[in-house]
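Here's the letter readout for the chains.
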Amino acid sequence: MGDLEVHALRGINMDVHKSDFIAIMGKSGSGKSTFMNIAGCLDVPTKGEYMLDNVDVGKLNKDQLAHLRNKKIGFVFQSFNLLSRTSALENVELPLMYNSKVSSKEMKERSINALESVGLADRSHHLPSQLSGGEQQRVAIARALVNNPVVILADEPTGNLDTRTSVEVMSIFQKLNTQGITVIIVTHEPDIAAYTNRNVTFRDGRIQKDFIVEKPRNAATELLTMPVLTEEETI
Amino acid sequence: MKLRNQLKAAIRSLGKNKMRTFLTMLGIIIGVASVIAMLAIGQGSKESIQKQIANLGTNLLTVFPSASMTGGVRMEAGSSVKLTMDDYKAVASRCPAVLYSTPTVRTSGQLIASGQNWRTTVWGVYPDYFNIRNLDIDKGAVFTLNDDRTASKVCVIGQTVNKYLFGEGQDPTGRIIRINKIPFQVIGLIAAKGQNAWGQDQDDIVIAPFNTVQVRMMTVTYIQSIMLSATSETMIPEATDEVTQVLKERHRLGPSEDPDFSIRSQADISSAATATSSILTALLASIASISLLVGGIGIMNIMLVSVTERTREIGIRMGVGARGRDVLLQFLIEALMISLIGGLLGVGLGIIASGVIASIMSWPVTITVQSIVLSFLFSTAIGIFFGWYPARKAASLNPIDALRYE
């Protein structure tokens, strides 16, 4: 593409409320990624404005964006993006390292709490290579929520996971959402989108559909009836 | 990010590639070590030259007759104008800044004693000569001014002469040496003085009363040079001025005319020799610093590779809130750590290498604190200088691209 100017998003008007659990859907090239980049303060819109927690993100410089990401955003990626050869605990500590107001004692406490809330307190000293895919993604979620963000943005969090693990991850998101955390995930799979409260479909840079899910699936109860995979548990 | 955490992160990431880190460090280690060793050799030789010059007597001044000029052709020094005994007497009596003084004549002589023979320089001087040159007497005594007046055939010999004529460690006093067939009685042995800065053996010498050598051996009336010592090192310029004035007056030269003699001080020779060895030191050190520079380029190279390899990591860190300067600092600290640790190890290796050079080659070696501080600071500066560009490159990455980087 190079220098060709592409308007990945145009004329979008969307409100995200506190405690929303939104699934962003759409084909590739529909503008999902650009939406997530802007929502995650990694990028700023060329026109229009993005208000995050009463801050006009479009007017901020790079350092201010970094600061905002550190304070208000939690990222979860399809490929986990954990630092290799760095323990689960230290991976979770990473966002707090860039927050000079957090003491190292507080950093450790909060990180352990975050790992506990994803059920991995006992794995805190394992390296990513010693964890299964689902566990790695749970570490990534712990990292995303350790800074008490306004919103957690997850880009295809289940894309690299099998069905059962995907449901596990969704159950964690549902649990966090019931605690009041806003979660936005990008997904291809309608099955996964069915666990959320609101589905937004992008097409050619515009919002094609935006509806409330009447009866979201409950991941936690489904897990009880799902067969346990040995591969997952024997590690 | 707090500095402690930065340091921890740097140690961790350097530890991930131990071999690579070590090899990069090796460039700095070798660079710093060679700078220290070269400076140590340079400093050592400088000090030994200075010591030898001080050995000659630092207040020493020598007055030589100058070369004369006949129709634009310069003749050999001393070829027409000579210094005379009256010149010497005038200098000795009229220069308050002069402490000791002696006229000198010098000739070479074939020495024969106890079936051995040896050829060396015979000096004819006053007893003051021993004070001017800081010569100590090992055995026996120095001749007196009375010996000079009577032109008695006595002499004092150096260790080398003693070794070849009588054998090392022998007491030569009282023995007879025939110098150019004239029998001399040895009355003293000079304490060993070793080589001077030019490798000349200062113990290969025979010293006899001035008159004895001038009249009995050389049969001349002039004197070859006047040696004198200033009352102190700081009085050298004053003594030079006084001697110049007295001799110009005696040689009927106006104040603006060039003198027909020259005065050489040990300080001239000393500064020339020291300058030479300083240049040598600078040369050695600059060659060594090139290797330090190459080591720095090695750091830059490896840091650039590291930045590319860790693009993802940089993306993750930026994603969770690292600012450009956090990333910059992280990579700069890594580069700095390589050069600091390399610098420290290099200092150690440099000290060891200097010691090895000193013991194997038996060269004089002096390690100064300045050379250690200097090379260590230099290696640190190199770490910052060559670490900056890769760190800058890492810091300017776009987090979106960095996160997507495969």
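## Section: the overall build of chain A
Consideration 1: Regarding its fold elements, chain A presents nine helices and eight strands.
Consideration 2: Against the globule reference of 18 Å for 235 residues, chain A gives a C-alpha radius of gyration of 18 Å, in line with a compact fold.
Consideration 3: For chain A, the spread of C-alpha atoms along the three principal axes comes to 50 × 45 × 35 Å.
Consideration 4: Put simply, chain A has 235 residues, and 52% of those count as buried.
Consideration 5: Put simply, of all contacts in chain A between residues at least 6 apart along the chain, 70% involve residues at least 24 apart.
Consideration 6: Here chain A contributes 26 positive and 29 negative side-chain charges, whose respective centroids are spaced 4 Å apart.

## Examining the interface of chain A and chain B
It is common to give the size of an interface as the accessible area that goes away when the parts come together.
Consideration 1: Across the boundary between the two partners, chain A contributes 28 residues, which contact 25 residues of chain B.
Consideration 2: Carbon and sulfur atoms supply 54% of the area buried between chain A and chain B, which totals about 2,300 Å² over both sides.
Consideration 3: A per-residue breakdown of the area chain A buries against chain B is headed by Arg85, Met97 and Tyr98 of chain A, which together make up 28% of the total.
Consideration 4: Run the count over chain A and chain B and you get two salt bridges.
Consideration 5: Here glutamate 90 of chain A and arginine 12 of chain B are joined by a salt bridge, their closest N and O atoms 2.8 Å apart.
Consideration 6: At the boundary of chain A and chain B, one finds eight residue pairs in polar contact (both at pLDDT 80 or more).

## Some details on the pattern of salt bridges
Residues and elements named next belong to chain A.
Consideration 1: Under the definition given, this model contains 19 salt bridges over all chains.
Consideration 2: Of the charged contacts in the structure, one is a salt bridge between glutamate 168 and arginine 164, with a shortest N-O distance of 3.4 Å. Linking glutamate 168 with arginine 164, this pair stays in helix 6 (residues 163-178), spanning four residues, or about one helical turn. The pair formed by glutamate 168 and arginine 164 is uniform in burial state, with each residue classed as buried.
Consideration 3: For arginine 198, the salt bridge identified is with aspartate 210, shortest N-O distance 3.0 Å. On the criterion of sequence distance, the pair formed by arginine 198 in strand 7 (residues 198-203) and aspartate 210 in strand 8 (residues 206-212) is long-range, its members being 12 residues apart.

## Some thoughts on the environment of phenylalanine 386 of chain B
Residue and element names in this part refer to chain B.
Consideration 1: Of note, phenylalanine 386 is situated in helix 12 (residues 369-395).
Consideration 2: Looking at phenylalanine 386, the relative accessible area reads 8%, which means it is buried.
Consideration 3: Between the C-alpha atoms of phenylalanine 386 and leucine 336, which are 50 residues apart in sequence, the distance is 9.2 Å.
Consideration 4: Setting aside residues up to four positions removed in sequence, phenylalanine 386 forms contacts with Leu293, Gly296, Ile297 and Met300.

## Points about the confidence of the model for chain B
Consideration 1: Counting all residues, the mean pLDDT for chain B is 87, and 94% of those residues have values of 70 or more.
Consideration 2: Ranking the elements of chain B by mean pLDDT puts strand 2 (residues 67-70) of chain B last with 58 and helix 10 (residues 311-319) of chain B first with 94.

## What to know about the nonpolar core
Taken as a class, soluble globular proteins show a tendency for nonpolar side chains to be buried jointly.
Consideration 1: Ranked by size, the top nonpolar core spans 104 residues in total, and within it Ile24, Ile141, Phe173 and Ile185 of chain A carry the most contacts.
Consideration 2: Per-element tally for this core: the top contributor is helix 11 (residues 324-360) of chain B, with nine residues.
Consideration 3: Beyond its immediate stretch of four places on either side in the chain, isoleucine 141 of chain A contacts Val76, Val118, Val169, Ile172, Phe173 and Leu176 of chain A.
Consideration 4: Core analysis: the next-biggest nonpolar cluster, separate from the first, contains 44 residues, Val63, Leu83, Leu165 and Leu189 of chain B among them.

## Concerning the pairing of strand 7 of chain A
All names here are of chain A.
Consideration 1: Within strand 7, five of the six residues are buried, which leaves the element mostly enclosed by the surrounding structure.
Consideration 2: In this structure, strand 1 (residues 21-25) lies alongside strand 7, joined through four bridges in parallel fashion. Counted as the bridge partner of isoleucine 24 is valine 200 from strand 7.
Consideration 3: By the bridge criterion, six bridges tie strand 7 to strand 8 in an arrangement that is antiparallel. Bridging from a neighbouring strand, valine 200 pairs with aspartate 210 of strand 8.
Consideration 4: Once strand 7 ends, the chain turns through two residues before running back antiparallel as strand 8, passing aspartate 204 with a positive phi of about 50°.

## Considerations on the sheet that holds strand 1 of chain A
All names here are of chain A.
Consideration 1: If you walk across this open sheet you meet the six strands as 4-5-6-1-7-8, and the pairing is mixed. The sheet terminates laterally at strand 4 (73-76) and strand 8, the two strands that pair on one side only. Strand-to-strand twist in this sheet, taken as the mean axis angle between neighbours without regard to direction, amounts to 20°.
Consideration 2: Contacts between helix 2 (residues 62-72) and the sheet are confined to strand 4 and strand 5 (151-155), with strand 4 contributing the most and set at about 80° to the helix.
Consideration 3: Taken strand by strand, helix 6 contacts strand 1, strand 4, strand 5 and strand 6 (182-186), and its axis lies near 135° from that of strand 1.

## Considering unusual backbone geometry
Consideration 1: The phi angle at arginine 85 of chain A is positive, at roughly 55°, despite the residue not being glycine.
Consideration 2: Mapped onto the elements, arginine 85 of chain A comes out in the loop between strand 4 and helix 3 (88-97).
Consideration 3: Of note, lysine 181 of chain B is a non-glycine position whose phi angle comes to about 75°, a positive value.
Consideration 4: Tracing the backbone shows lysine 181 of chain B in the loop between strand 8 (176-179) and strand 9 (182-190).

## A word on the packing of aromatic side chains
All names here are of chain B.
Consideration 1: One pass over the structure, following the stated rule, counts 10 aromatic pairs over all chains.
Consideration 2: Aromatic pair tyrosine 129 and phenylalanine 130: ring centres 6.2 Å apart, planes at 90°, arrangement edge-to-face.
Consideration 3: Taking relative accessible area as the criterion, phenylalanine 130 reaches 5% and is therefore assigned buried.
Consideration 4: Linked through ring pairs, Trp123, Tyr129, Phe130 and Phe143 together constitute an aromatic cluster.

## Examining the domain arrangement of chain B
Consideration 1: Domain boundaries in chain B define domain 1 (3-52 + 272-404) and domain 2 (82-259).
Consideration 2: Its C-alpha centre places domain 1 of chain B at a distance of 56 Å from the equivalent point of domain 2 of chain B.

## Notes on helix 6 of chain A
Note on helix geometry: an α-helix contains 3.6 residues per turn, so any two residues three or four positions apart are oriented the same way.
All names here are of chain A.
Consideration 1: The end-to-end C-alpha separation of helix 6 is 22 Å, in line with the 22 Å expected for 16 residues at 1.5 Å each.
Consideration 2: The buried fraction of helix 6 amounts to 13 of the 16 residues, a majority that puts the element mostly inside the structure.
Consideration 3: One or two positions beyond helix 6, positive phi appears at glycine 180, with a value near 105°.

## A few points about the packing of helix 3 (residues 85-94) of chain B against helix 8 (residues 236-250) of chain B
All names here are of chain B.
Consideration 1: Where helix 3 contacts helix 8, the two axes come as close as 10 Å, and the packing angle between them is 140°. Judged on the interaxial angle alone, helix 8 and helix 3 are oblique. You can see that helix 3 and helix 8 cross each other, and the crossing is right-handed. Each of Asp86, Asp87, Ala90, Val91 and Arg94 in helix 3 lies in contact with helix 8, whose residues at this interface are Val243, Val246, Leu247, Glu249 and Arg250.
Consideration 2: Residues that form the contact of helix 3 with helix 8 fall into these classes: five nonpolar, no polar and five charged.

Calculation notes
- Residues numbered from 1 in each chain as written.
- Chains lettered and ligands numbered in written order.
- Predicted model: local features only at pLDDT ≥ 70, side-chain atom pairs only at ≥ 80, totals over all residues.
- Heavy atoms only, no water.
- Helix = DSSP H or I, 4+ residues; strand = E, 2+ residues; numbered from the N terminus.
- Rg over C-alpha atoms; globule rule 2.2 N^0.38 Å.
- Buried < 20%, exposed > 50% of the residue type's maximum accessible area, 1.4 Å probe, protein only.
- Contact = heavy atoms within 4.5 Å.
- Lys, Arg positive; Asp, Glu negative; His and termini not counted.
- Charge placed at Lys NZ, Arg CZ, Asp CG, Glu CD.
- Buried area = accessible area lost by both parts, 1.4 Å probe.
- Salt bridge = Lys/Arg side-chain N within 4 Å of Asp/Glu carboxyl O.
- Polar contact = N/O pair within 3.5 Å; in protein donor to acceptor, adjacent residues only side chain to side chain.
- pLDDT = per-residue confidence, 0-100.
- Core = buried A, V, L, I, M, F, W, Y, C linked by side-chain atoms within 4.5 Å.
- Pairing = 2+ DSSP bridges.
- Axes fitted to C-alpha atoms, helices over the stretch in contact; angles between N-to-C directions.
- Phe/Tyr/Trp six-rings, centres within 6.5 Å; stacked < 30°, edge-to-face > 60°.
- Domains from an automatic or database assignment.
- Expected span 1.5 Å × (residues − 1).
- Parallel < 35°, antiparallel > 145°, perpendicular 65-115°, else oblique.
- Left-handed = near helix turned anticlockwise from the far one by under 90°.
- Nonpolar A, V, L, I, M, F, W, Y, C, P; charged D, E, K, R; others polar.

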